[in-house]
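Chain by chain, the residues:
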Amino acid sequence: MSPRTGRLWKACVAVAVLAAALPASPVAAKPRGGPQMERLDRGLVAAATSEGVFLSWRLLANEATGSSATGLTGANFGVYRDGRRIATVTDSTNFLDRDGTATSRYRVSGSRTVTPWAANHTELPLQKPADGPAYTYSANDLSVGDVDGDGRYEYIVKWDPSNSKDVSQVGYTGPVYIDTYRADGRLLHRIDLGVNIRAGAHYTQFLVYDFDGDGRSEMMLKTAPGTKTIRDGRERYITTPGHAPTEDHRLSAAGYHEHVVRMFLGWHRHPEVVAGRWPATLEQAFGITPQYQYPLSRADAEKLTDYFMDVYAPSRSARNNLRAFEGFIVDGPEYLTVFEGATGRELQTIEYKPGRHDDGLMWGDYAMPRIEPGNRVDRFLAGVAYLDGRHPSAVFARGYYTRTTLVSYRWTGRKLVEDWYVDSGWTPMTNPFNDSPHGRDGTSAQYGKLTTQGFHSLSAADVDGDGRQEIVYGGATIDDDGDLLYSSFGALPTGERARLGHGDAMHVTDIDPDRPGLEIFTVHEGGTSAPYGMAMRDAKTGEVLFGTYSGRDTGRGMIGDVLPGTRGIESWASMPGGSEALGLHSATGEVLTGTIPGTNASIRWAADLTTQIVNGAQDVTPTIDDWTRGRLLTADGTLTNNGTKGNPGLVADVLGDWREELLVRTADSSAIRIYLSTEVTGHKLYTLMHDPQYRVEVARQQTTYNQPSYPSFYLASDTDWSKVPLNVRTR
């Protein structure tokens, strides 16, 4: 066993051995020195097919004892139909019963008894919230967690109103709801985030995880006055000392005008002005003739506000219409709340760290030609990570274009305890109304180079092989102790060095099996100022292994084993709209073809360990497509989410064997449809949910621009099973 495999082996999970012939009761997976993972039952599911009844179930991580040419070994399974043993399965965790019927009752060793689905999918019925006067609701992002400790997942569903907004878009939104359902469709509780949390992909990142190791998942997310839990017809607001739940901090257009007036009245007192880093007068900032005395009178502040909105802002960009600015929340309290997963009961509420500070003035929201108050300041991310190698921490982030911050917390079961706090410091500007603060170091000596490197997602992975997970924050990586591990740079065509910079899509796993450690594949939207449109780099060092300069916003990218005859996992990227591709690349950077698969989402669906693509966006029916075999599934009557991004509600290994299920909403959002791959596989692998990296990736999959979940090891059609990490057993 290599040193790296040994370290991974020690870092992996274990769960107690289940009795071979009795219905499973979940047992905590809490190995010596390794991550504490979920208790899961056998996860048996049966589905009727044209060839018989297909059965699929979980191998638990501690049950794997070794490897063979086709998979892992350990834990043989008896298969029972109507109480009679019909087979023994040793080389996989699935079985096709050609003699099964719709009324057959099945169990395998250590499972509950199940009856077959009528097809390759089942539906989780939903209770759709009442539509508002100017919006309707649809089910959006999903997550899973075992909230009651029975070893089976519950389903957490976010409801988005049809008027949800990007942070750069003006207008009011309806409230966001988050529901928790049992698999039978019973609604356990609903969280109404209230009017002070705006609806949109960048605002609400909800983490569902067993943070304290008691076998039951909690939920953590950003809250505000008015957030409440609704359970069994009763409502309970979160604790907001000094603030009433009826407070409404949304700005009207008139309210924003007054907000700017007050900002201008205090211009002479602003610390950046006092320190001489910003213009002493607003006339200097706007490049007009001096004409007012400071401190400004209210009348003069109103005149300058009118000039700013009606003359200066439109002169910067025709898209600037600040008279129409409304619906944003730029002041008022912000909180982080821990909720009990089973009941929605508030367990603790603290102030969100860091606070917004202002409406985006110091974040650069007024500095670029497109003036966008409330934009860069309200970019939120969240994820889960085993920072100490054993216990899960919640990581919440604010900002990634200019000032960049992250904070991590442990939940003890009673209170949140801060692990560390990362802050790049402000990005210096000479004029907050006319500057270009992107790509500039923050004021922090330790974290200054973190600015402009963040993406619309993050990942947690053990990039240095020490058994503890790091936070991959786009073009930079934060070490498990909160230090900046590295910030990656590259050379522009001019020879100038620049950050890899911000992008939309990021993928972290073992992409090249012939290199030690993990790799990171990213695409970048910096255009001419970005060294690469797409880049592959070493996850441990941040060194770029190969990349392609595009000179354009490269908005989409994906990885997957789509060519099983090619060594390693392929990667590809495209320009906005997918009209122009950068080519399909091998794991070592060779361009294999000029055409590429889709970039919306991927799924491990096939029996041969290759990767498939989920296509379909907006009103197009979702499909699962194989790059060589063609269409494998058409999910009639369902839709994906998030417009052109075409995200399923969730793609994760929530049932059955190691393959992923596709979870999408029905067209009317009356249900979540869960699709199961019924292709018989001869490969045996423990559930991906018992790989620490994959599990935390599932927890963060709902974050902003949903990204696929990846395991900590090389998983493809040519997997060397002897290198798949095994787990220590519990005492």
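Residues numbered from 1 in each chain as written. Predicted model: local features only at pLDDT ≥ 70, side-chain atom pairs only at ≥ 80, totals over all residues. Heavy atoms only, no water.

**Notes on the overall build of the protein chain**
What counts is decided by this rule: Secondary structure elements follow DSSP: runs of H or I of four or more residues count as helices, runs of E of two or more count as strands, with numbering from the N terminus. Taken over C-alpha atoms, the radius of gyration is set against a globule rule of 2.2 Å times the number of residues to the power 0.38. Accessible area is worked out with a 1.4 Å probe on protein chains only. A residue is then buried under 20% of its type maximum, exposed over 50%, and partly exposed in between. Accessible surface is estimated by sampling points in the Shrake-Rupley manner with a 1.4 Å probe; for residues, cover comes only from the protein chains shown. Two residue types count as positive, namely Lys and Arg, and two as negative, namely Asp and Glu; His and chain ends fall outside the count. Note on charges: their place is set at NZ of Lys, CZ of Arg, CG of Asp or CD of Glu.
When you go through the protein chain residue by residue, the secondary structure sums to six helices and 45 strands. Relative to the compact-globule value of 27 Å for 731 residues, the protein chain shows a C-alpha radius of gyration of 26 Å, a close match. If one aligns the C-alpha atoms of the protein chain with their principal axes, the spans along those axes are about 90 × 60 × 45 Å. Among the 731 residues that make up the protein chain, the fraction classed as buried is 63%. Counting every atom, the protein chain has about 25200 Å² of accessible surface; 48% of that belongs to carbon and sulfur. Charge centroids of the protein chain, computed over 74 positive and 89 negative side chains, lie 4 Å from each other.

**Examining the UniProt feature "domain: Rhamnogalacturonan I lyase beta-sheet" (unreviewed entry) in the protein chain**
Where we set the bar: UniProt positions are given in the numbering used here, feature names are shortened, and annotations may be inferred rather than shown by experiment.
If you check UniProt for "domain: Rhamnogalacturonan I lyase beta-sheet" (unreviewed entry), the listed places come out as residues 36-109 in our numbering. Note that residues 36-109 is 0% helix and 43% strand, and that its end C-alpha atoms are spaced 24 Å apart.

**Thoughts on the domain arrangement of the protein chain**
For the record, the criterion: These domain boundaries are the output of an automatic or database domain assignment.
As assigned here, the protein chain comprises domain 1 (125-250 + 328-352), domain 2 (257-324) and domain 3 (354-485). A straight line from the C-alpha centre of domain 1 to that of domain 2 covers 38 Å.

**Details of the nonpolar core**
Under the convention used in this document: To define a nonpolar core, start from buried Ala, Val, Leu, Ile, Met, Phe, Trp, Tyr and Cys residues and group those joined through side-chain atoms within 4.5 Å. The contact criterion used is simple: two residues touch if any of their non-hydrogen atoms lie within 4.5 Å.
Judged by nonpolar contacts, the single largest core of 58 residues is most densely connected at Val 654, Leu 685 and Tyr 686. It is strand E10 (residues 137-145) that provides the largest number of residues to this core, a total of four residues. Setting aside its immediate chain neighbours within four residues, Val 654 contacts Arg 58, Val 144, Tyr 153, Tyr 155, Glu 661 and Leu 663. By size, the runner-up hydrophobic cluster in this structure holds 38 residues, among which are Met 220, Tyr 352, Leu 381 and Val 384.

**Focus: the pairing of strand E41 (residues 630-634)**
The condition is simple: Should DSSP find at least two bridges between two strands, the strands are regarded as paired.
Pairing of strand E40 (residues 623-626) with E41 involves four bridges; the strand directions are antiparallel. Bridge pairing links Thr 623 to Thr 634 in E41. Adjacent in sequence and paired antiparallel, E40 and E41 are bridged by three residues.

**Looking at the sheet that holds strand E22 (residues 405-411)**
Whether parallel or antiparallel, the strands of a sheet pair through hydrogen bonds between backbone atoms. Note the cut-off: Between N-to-C directions, angles span 0 to 180 degrees; the directions come from axes that are lines fitted to C-alpha atoms, helices contributing only their stretch in contact.
Taken in spatial order, the four strands of this open sheet run E20-E21-E22-E23, and their pairing is antiparallel. Each having just a single partner strand, strand E20 (380-385) and strand E23 (416-423) make up the two edges of the open sheet. Sheet twist, expressed as the average angle between the axes of neighbouring strands with direction ignored, equals 20 degrees. Both strand E21 (residues 393-398) and E22 contribute to a ladder of five bridges, which runs antiparallel. Bridge pairing in E22 places Arg 398 opposite Thr 405.

**Regarding the sheet that holds strand E8 (residues 106-108)**
Strand order in the open sheet formed by three strands is E6-E5-E8, and the pairing between neighbours is antiparallel. The strands lining the two open edges of the sheet, one partner per strand, are strand E6 (84-89) and E8. Between one strand and the next, the sheet's axes are offset by a mean angle of 20 degrees, whatever the strand orientation. Across three bridges, the pairing between strand E5 (residues 77-81) and E8 is antiparallel. When the bridges of E8 are listed, Arg 81 appears paired with Tyr 106.

**Remarks on helix H2 (residues 253-265)**
Formally: In this scheme, a helix's expected span is set at 1.5 Å multiplied by one less than its residue total.
For H2, with 13 residues, the first-to-last C-alpha span of 19 Å sits near the 18 Å given by 1.5 Å per residue. Of all the residues in H2, the buried ones are Tyr 256, His 257, His 259, Val 260, Val 261, Met 263 and Phe 264. Its buried side turned inward, H2 meets helix H4 (282-286) and helix H5 (298-316).

**Comments concerning the packing of H2 against H5**
Spelled out, the test is: With respect to orientation, any angle under 35 degrees is reported as roughly parallel, any angle over 145 as roughly antiparallel, any angle of 65 to 115 as roughly perpendicular, and every other angle as oblique. Handedness of each helix crossing follows the sense of rotation of the near helix against the far helix: counterclockwise by less than a right angle gives left-handed, clockwise gives right-handed. Nonpolar residues are Ala, Val, Leu, Ile, Met, Phe, Trp, Tyr, Cys and Pro. Charged residues are Asp, Glu, Lys and Arg, and all others, Gly as well, are polar.
The contact between H2 and H5 brings their axes to 9 Å, and the two run at 120 degrees. It follows from the interaxial angle that H2 and H5 lie oblique. For the pair H2 and H5, the crossing hand works out as right-handed. Within the contact between the two elements, H2 uses Tyr 256, His 257, Glu 258, Val 260, Val 261, Phe 264 and Leu 265 and H5 uses Arg 298, Ala 301, Glu 302, Leu 304, Thr 305, Asp 306, Phe 308 and Met 309. Grouping the amino acids of the contact of H2 with H5 by side-chain chemistry returns nine nonpolar, two polar and four charged.

**Here we look at the pairing of strand E15 (residues 218-223)**
For E15, the buried fraction is high: six of the six residues fall into the buried class. Of the strand pairs in this sheet, E15 and strand E18 (residues 335-340) are connected by six bridges, and their pairing is antiparallel. Within the sheet, the bridge partner assigned to Met 219 lies in E18 and is Phe 339.

**Overview of the environment of Asn 641**
Spelled out, the test is: Definition of a polar contact: a pair of N or O atoms within 3.5 Å, with one able to donate and the other able to accept a hydrogen when the atoms are protein atoms, and with sequence-neighbouring residues admitted only if both atoms are side-chain atoms.
Relative to the helices and strands, Asn 641 resides in the loop between strand E42 (638-639) and strand E43 (650-652). Taking C-alpha positions, Asn 641 is 14 Å from Asn 163, a pair spaced 478 residues apart along the chain. With residues up to four places along the chain from it excluded, the contact list for Asn 641 reads Ala 139, Asn 140, Asp 141, Gly 646, Asn 647, Pro 648, Gly 649 and Arg 665. Within the local environment of Asn 641, its side chain forms a polar contact with the backbone oxygen of Asn 140, the two atoms lying 3.0 Å apart.

**A short note on the pattern of salt bridges**
Close approach of charged atoms allows side chains with opposite charge to pair. The condition is simple: The term salt bridge refers to a side-chain nitrogen of Lys or Arg lying within 4 Å of a carboxyl oxygen of Asp or Glu.
This structure, assessed with the given rule, holds 47 salt bridges. Two residues, Asp 179 and Arg 190, come together in a salt bridge whose shortest N-O distance is 2.7 Å. Separated by eleven residues along the polypeptide, Asp 179 in strand E12 (residues 177-181) and Arg 190 in strand E13 (residues 187-192) bring together distant segments of the chain. Taken individually, Asp 179 and Arg 190 each receive the classification buried, so the pair is uniform in this respect.

**Looking at the side chain of Asp 479**
Locating Asp 479 in the fold gives a position in the loop between strand E26 (476-478) and strand E27 (484-487). Residues in contact with Asp 479, not counting those within four places in the same chain, are Trp 420, Asp 464, Glu 470 and Leu 485.

**Observations concerning unusual backbone geometry**
A cis amide bond links Tyr 294 to the next residue, Pro 295, at an omega of 0 degrees. Residue position: Pro 295 is located in the loop between H4 and H5. Phi at Leu 609 takes a positive value of approximately 75 degrees, unusual for a residue other than glycine. Position of Leu 609 among the secondary structure elements: in the loop between strand E38 (601-603) and strand E39 (612-615). Positioned with a positive phi, Ser 669 is a non-glycine residue whose angle comes to about 60 degrees.

**Some words on the confidence of the model for the protein chain**
Do not read the fine detail of predicted coordinates wherever pLDDT is low. Spelled out, the test is: pLDDT expresses, on a scale from 0 to 100, how confident the predictor is about each individual residue.
Across the protein chain, the average pLDDT comes to 94, with 94% of residues at 70 or higher. This model gives residues 1-32 a pLDDT under 50, and the stretch forms 97 contacts once residues within four places in sequence are excluded.

**Side note on the packing of aromatic side chains**
Note the threshold: Ring pairs shown here join Phe, Tyr and Trp side chains whose ring centres sit within 6.5 Å, with only the six-membered ring taken for Trp; geometry is labelled stacked below 30 degrees between planes, edge-to-face above 60, and tilted in between. We call a charge positioned above a ring when the Lys NZ or Arg CZ atom is no farther than 6 Å from the ring centre and deviates by at most 35 degrees from the ring normal.
Scanning all chains against the criterion turns up 25 aromatic pairs. Ring geometry for Tyr 209 and Phe 211: centres 5.8 Å apart, planes at 50 degrees, overall tilted. The two residues Tyr 209 and Phe 211 agree in class, both being buried. With 5.5 Å between their ring centres and 70 degrees between their planes, Phe 308 and Phe 433 make a pair best called edge-to-face. Taken as a pair, Phe 308 in helix H5 and Phe 433 in the loop between E23 and strand E24 (459-461) lie far apart in primary sequence, 125 residues in all. Overall, the relative accessible area of 0% leaves Phe 433 in the buried class. Linked through ring pairs, Phe 264, Trp 267, Trp 278, Phe 286, Tyr 307, Phe 308, Tyr 312, Tyr 366 and Phe 433 together constitute an aromatic cluster. Here the guanidinium or amino end of Arg 376 rests over the ring plane of Tyr 401, the centre of that ring lying 5.8 Å away.

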